[in-house]
Amino acid sequence: MSLVNFTTREITCKIVYYGPGRSGKTASLQYVYGRVPQDRRGRMVSLATETERTLFFDFLPLDLGSISGFTTRFHLYTVPGQLYYDSTRKLVLQGADGVVFVADSQVRQLDENIESLQGLQANLVAMGSDMRSMPMVFQYNKQDLPSELILTPTELDDALNFWALASHSSDALRGVGVFETLRAISERVLRKLSEEAPA
Amino acid sequence: MRRSRVIEAWTYEPLERFVRESGARLTLVMTPAGQVLAQFGFARAVDVMAAAALGAAVFASSSEIARLLGNLEFSTLHHRGHRFGIFLGGCAVPRGRLLALVIYGEDSSVGLVQLFFDELVRGLQEAAPEQERSRPVLAADFERELNDSLASLFGR
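Summarised in this report is the structure supplied together with it. (Residues numbered from 1 in each chain as written. Chains lettered and ligands numbered in written order. Predicted model: local features only at pLDDT ≥ 70, side-chain atom pairs only at ≥ 80, totals over all residues. Heavy atoms only, no water.)

## Quick word on the overall build of chain B
So, step 1. When helices and strands are counted, chain B shows four helices and six strands.
So, step 2. Starting at the N terminus, the α and β elements of chain B follow one another as β-α-β-β-α-β-β-β-α-α.
So, step 3. With the C-alpha coordinates aligned to their principal axes, the bounding extent of chain B is approximately 50 × 35 × 35 Å.
So, step 4. Taking all 156 residues of chain B together, 49% fall into the buried category.
So, step 5. Of the contacts made within chain B by residues no fewer than 6 positions apart, 56% connect residues no fewer than 24 positions apart.
So, step 6. Distance between charge centroids for chain B: 4 Å, based on 17 positive and 18 negative side chains. (Helix = DSSP H or I, 4+ residues; strand = E, 2+ residues; numbered from the N terminus. Buried < 20%, exposed > 50% of the residue type's maximum accessible area, 1.4 Å probe, protein only. Contact = heavy atoms within 4.5 Å. Lys, Arg positive; Asp, Glu negative; His and termini not counted. Charge placed at Lys NZ, Arg CZ, Asp CG, Glu CD.)

## Digging into the packing of helix α5 (residues 178-196) of chain A against helix α4 (residues 142-153) of chain B
So, step 1. Where α5 of chain A contacts α4 of chain B, the two axes come as close as 10 Å, and the packing angle between them is 145°. Note that α5 of chain A runs across α4 of chain B; the crossing there is right-handed. Contacts from Phe179, Leu182, Arg183, Ser186, Glu187, Leu190 and Arg191 of chain A in α5 of chain A reach Phe142, Glu143, Leu146, Asn147, Leu150 and Ala151 of chain B in α4 of chain B.
So, step 2. Classifying every residue of the contact of α5 of chain A with α4 of chain B gives seven nonpolar, two polar and four charged. (Axes fitted to C-alpha atoms, helices over the stretch in contact; angles between N-to-C directions. Left-handed = near helix turned anticlockwise from the far one by under 90°. Nonpolar A, V, L, I, M, F, W, Y, C, P; charged D, E, K, R; others polar.)

## Points about the packing of helix α2 (residues 86-93) of chain A against helix α3 (residues 110-126) of chain A
Residues and elements named next belong to chain A.
So, step 1. Put simply, α2 and α3 touch, their axes get as near as 10 Å, and they point 55° apart. Taken together, the axis directions place α2 and α3 in an arrangement best described as oblique. Our pair here, α2 against α3, has a crossing hand that is right-handed. Between α2, through Asp86, Arg89, Lys90 and Leu93, and α3, the contact on the second element is made entirely by Leu120, Asn123 and Leu124.
So, step 2. When the residues that make up the contact of α2 with α3 are grouped by side-chain class, the tally is three nonpolar, one polar and three charged. (Parallel < 35°, antiparallel > 145°, perpendicular 65-115°, else oblique.)

## Notes on the side chain of Ser186 of chain A
So, step 1. Tracing the sequence through the fold places Ser186 of chain A in helix α5.
So, step 2. Residue class for Ser186 of chain A comes out buried when judged on its relative accessible area of 0%.
So, step 3. Among the polar contacts listed, one links the side chain of Ser186 of chain A to the backbone oxygen of Leu182 of chain A, at a separation of 2.5 Å.
So, step 4. Sequence-distant contacts of Ser186 of chain A, defined by excluding residues within four places in its chain, comprise Phe74 of chain A together with Leu146 and Leu150 of chain B. (Polar contact = N/O pair within 3.5 Å; in protein donor to acceptor, adjacent residues only side chain to side chain.)

What follows is the structure in structure tokens.
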């Protein structure tokens with residue numbers, strides 16, 4: 001849940017990158033980390049296994065500067081994508097203000113995407129939320145792969161994006177679409193905060 | 001020199017007293033999601049935001065293990081290292097649930113930290129105001145400032 005302080009005029013929001021294993025969640029944060037000036041970001045923390053798979057989460061704090069007179073910070077997290085880490089996914093999702101669902105565009109990964117999306121909905125419902133009330137954006141990653149291996153954004157929208165939420169194609173390794181996705185989720189999170197604004 | 005950074009002003013007095021009496025090097029008061037409300041102590045050697053995120057994760061995962069074991073939760077946790085120890089404790093105040101991450105050195109002990117932690121909890125509970133009513137936060141045209149800010153972050 002976002003932290004808003006009217007005295008010091010500070011806002012801190014939590015955005016979680018969710019999706020199946022190896023879909024590009026950590027790569028997206030690594031791209032952001034690499035592009036953002038050092039004085040506008042904190043250290044990137046990655047709790048990973050020996051084989052570089054996310055074990056618990058990646059964490060990257062970003063300082064967006066002043067927005068409407070509020071010093072605004074975003075804390076970006078990823079969840080571990082592998083199926084058997086569901087309990088840790090739930091923990092990372094707690095207190096989230098927005099979710100980026102990073103889908104793997106490969107045809108053979110469609111079932112994993114659907115399973116992960118179902119898990120997300122179940123975990124949000126357990127937190128008293130759901131995909132309709134939580135600010136959310138889809139990031140269709142690996143769109144740079146040969147067309148015969150991947151589903152198009154339209155096909156992925158048909159398969160995953162039941163509520164016609166914003167979706168962006170990406171190639172997280174090269175950073176294509178990562179910025180646009182972050183901008184889209186940021187807008188949605190701040191708009192919701194502006195409408196509800198628990199202090 | 002000890003430094004403080006307080007986002008929620010009501011936390012300052014109980015926190016300052018706790019750090020002085022317990023001999024803690026650094027104490028962070030934060031939400032269960034790891035958002036820091038206040039910090040007090042020697043913070044230069046520690047990346048505060050990373051420590052808060054990791055502390056919140058440790059507490060959340062330990063609480064989940066407690067739940068699996070049929071415990072309500074572990075109310076406090078501590079780890080003792082060679083030069084430093086860390087102590088994590090949770091409490092409920094009128095504004096919701098809070099966590100404290102305490103880093104202490106050889107000039108203190110887990111017993112001392114635990115002793116004054118109970119006092120810190122009482123102080124926070126007494127000082128915490130009720131939840132404020134909702135009110136609008138951002139100007140209607142915040143998107144332009146957000147876009148400018150993100151564009152400058154990404155060098156566009």
